[in-house]
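# Descriptive structure summary
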Amino acid sequence: MSLPDKAFPVSWDQFHRDARALAWRLSDNDREWKAIVCITRGGLVPAAIISRELNIRLIETVCVASYHDYLSQGEMHVLKGISPELLQNDGEGILIVDDLTDTGKTAAQVRSMLPKAHFAAVYAKPKGRPQVDTFITEVSQDTWIYFPWDMGFTYQEPIAKGTRG
Ligand SMILES: O=P(O)(O)OC[C@H]1O[C@H](OP(=O)(O)OP(=O)(O)O)[C@H](O)[C@@H]1O
Ligand SMILES: [Mg+2]
């Protein structure tokens, strides 16, 4: 698979702010979340921030793997499902959390386990958007989001290099 045209690098600060903004959007005094189901591994980080902000103490994981290496999505494997007590009532009152939705395949897979749950992601691309109930920022489909936990400090070429003579 080729490199997406655009890059959207996200710092820890920005991710914290965006995940907190998502928590604000999910906060509603008339609505009480029974539990968070976070989609590992990327969903663990926003789940930690949202659980702190909304005082949700019951956190479950659903472990799904499909991007076998950087950029290329393969077959979806559910390595660990959701505990039976949280599957009751089709997931009513459950908050599913992920870092982003891209093609929407991961979200669709988890939604099929909890059809009445609310799906929240920090970032969404257009193909995945229909699978998400609440998100913060939309980025175009040809953009790759670089999360802070996947990055390190490296030298950056000056912008002018390559754009002039
Ligand atoms: O909408 P999709 O095209 O299905 O892609 C979105 C999923 O891809 C990434 O997870 P990934 O499978 O790379 O695993 P990770 O969270 O363990 O990094 C991301 O965290 C989402 O869960
Ligand atoms: Mg993931």
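Residues numbered from 1 in each chain as written. Chains lettered and ligands numbered in written order. Predicted model: local features only at pLDDT ≥ 70, side-chain atom pairs only at ≥ 80, totals over all residues. Heavy atoms only, no water.

## Section: the site of ligand 1
The immediate surroundings of ligand 1 are formed by 15 residues, with Arg41, Asp98, Asp99, Thr103 and Thr106 found nearest. Between ligand 1 and aspartate 99, the relevant distance is 2.6 Å, taken from an oxygen atom to a side-chain nitrogen or oxygen of the residue. Among the secondary structure elements, those contributing two or more residues to the shell around ligand 1 are strand 3 (59–69), strand 5 (94–101) and helix 4 (105–113). Residues that form the shell around ligand 1 fall into these classes: 2 nonpolar, 8 polar and 5 charged. (Near = heavy atom within 4 Å. Polar contact = N/O pair within 3.5 Å; in protein donor to acceptor, adjacent residues only side chain to side chain. Helix = DSSP H or I, 4+ residues; strand = E, 2+ residues; numbered from the N terminus. Nonpolar A, V, L, I, M, F, W, Y, C, P; charged D, E, K, R; others polar.)

## Some points on the nonpolar core
Membership of the largest hydrophobic core comes to 23 residues, with the highest contact counts inside it found for Phe15, Ile36, Ile50, Leu95 and Tyr123. Elements that contribute at least two residues to this core include exactly helix 1 (12–26), strand 2 (35–40), helix 2 (44–54), strand 5 and strand 6 (118–124). Examining the composition of this core, we find that 5 residues originate from one element, helix 1, more than from any other. Those residues in contact with phenylalanine 15, other than ones at most four positions away along the chain, are Val10, Val45, Pro46, Ile49, Asp99, Val122, Tyr123, Phe147, Pro148 and Trp149. Counting residues in hydrophobic clusters, the runner-up holds 18 residues, among them Val64, Leu114, Ala121 and Phe135. (Core = buried A, V, L, I, M, F, W, Y, C linked by side-chain atoms within 4.5 Å. Buried < 20%, exposed > 50% of the residue type's maximum accessible area, 1.4 Å probe, protein only. Contact = heavy atoms within 4.5 Å.)

## Looking at the UniProt feature "binding site: GMP" (unreviewed entry) in the chain
The UniProt record annotates "binding site: GMP" (unreviewed entry) at Asp102, Thr103, Gly104, Lys105, Thr106, Trp144 and Ile145. For tryptophan 144, the location among the structural elements is in strand 8 (residues 143–146). Classification of tryptophan 144 as buried rests on a relative accessible area of 15%. Excluding anything up to four places from it in sequence, tryptophan 144 contacts Pro4, Lys6, Ala7, Phe8, Tyr67, Tyr70, Leu71, Asp102 and Lys125. Within the fold, isoleucine 145 resides in strand 8. (UniProt positions renumbered as here; feature names shortened; annotations may be inferred.)

## Quick notes on unusual backbone geometry
At the junction of threonine 40 and arginine 41, the peptide bond is cis and its omega measures out at -5° in the coordinates. Of note, arginine 41 is situated in the loop between strand 2 and helix 2. One non-glycine residue, asparagine 55, adopts positive backbone phi at about 55°. As for its placement among the helices and strands, asparagine 55 is situated in the loop between helix 2 and strand 3. Accessibility expressed as a relative area gives 52% for asparagine 55, which makes it exposed. Within the chain, asparagine 89 stands out as a residue other than glycine whose phi angle is a positive 55°. Its place among the elements puts asparagine 89 in the loop between helix 3 (84–87) and strand 5.

## Some remarks on the packing of helix 1 against helix 2
Relative to each other, helix 1 and helix 2 sit at 50°, their axes nearing to 9 Å. Our classification of the angle between helix 1 and helix 2 gives oblique. Note that helix 1 runs across helix 2; the crossing there is right-handed. Across from Trp12, Phe15, His16, Ala19, Arg20, Leu22, Ala23 and Leu26 in helix 1, the residues of helix 2 making contact are Val45, Pro46, Ile49, Ile50, Arg52, Glu53 and Leu54. A class-by-class count of the residues in the contact of helix 1 with helix 2 yields 11 nonpolar, 1 polar and 3 charged. (Axes fitted to C-alpha atoms, helices over the stretch in contact; angles between N-to-C directions. Parallel < 35°, antiparallel > 145°, perpendicular 65-115°, else oblique. Left-handed = near helix turned anticlockwise from the far one by under 90°.)

## Quick word on the pattern of salt bridges
Inspection of the entire model under this criterion finds 7 salt bridges. Of the charged contacts, one joins aspartate 142 and lysine 6 as a salt bridge, the two residues approaching to 3.2 Å between their closest N and O atoms. On the criterion of sequence distance, the pair formed by aspartate 142 in the loop between strand 7 (134–138) and strand 8 and lysine 6 in strand 1 (residues 6–9) is long-range, its members being 136 residues apart. For lysine 125, the salt bridge identified is with aspartate 102, shortest N-O distance 2.9 Å. On the criterion of sequence distance, the pair formed by lysine 125 in the loop between strand 6 and strand 7 and aspartate 102 in the loop between strand 5 and helix 4 is long-range, its members being 23 residues apart. Assessed through its relative accessible area of 2%, lysine 125 is described here as buried. (Salt bridge = Lys/Arg side-chain N within 4 Å of Asp/Glu carboxyl O.)

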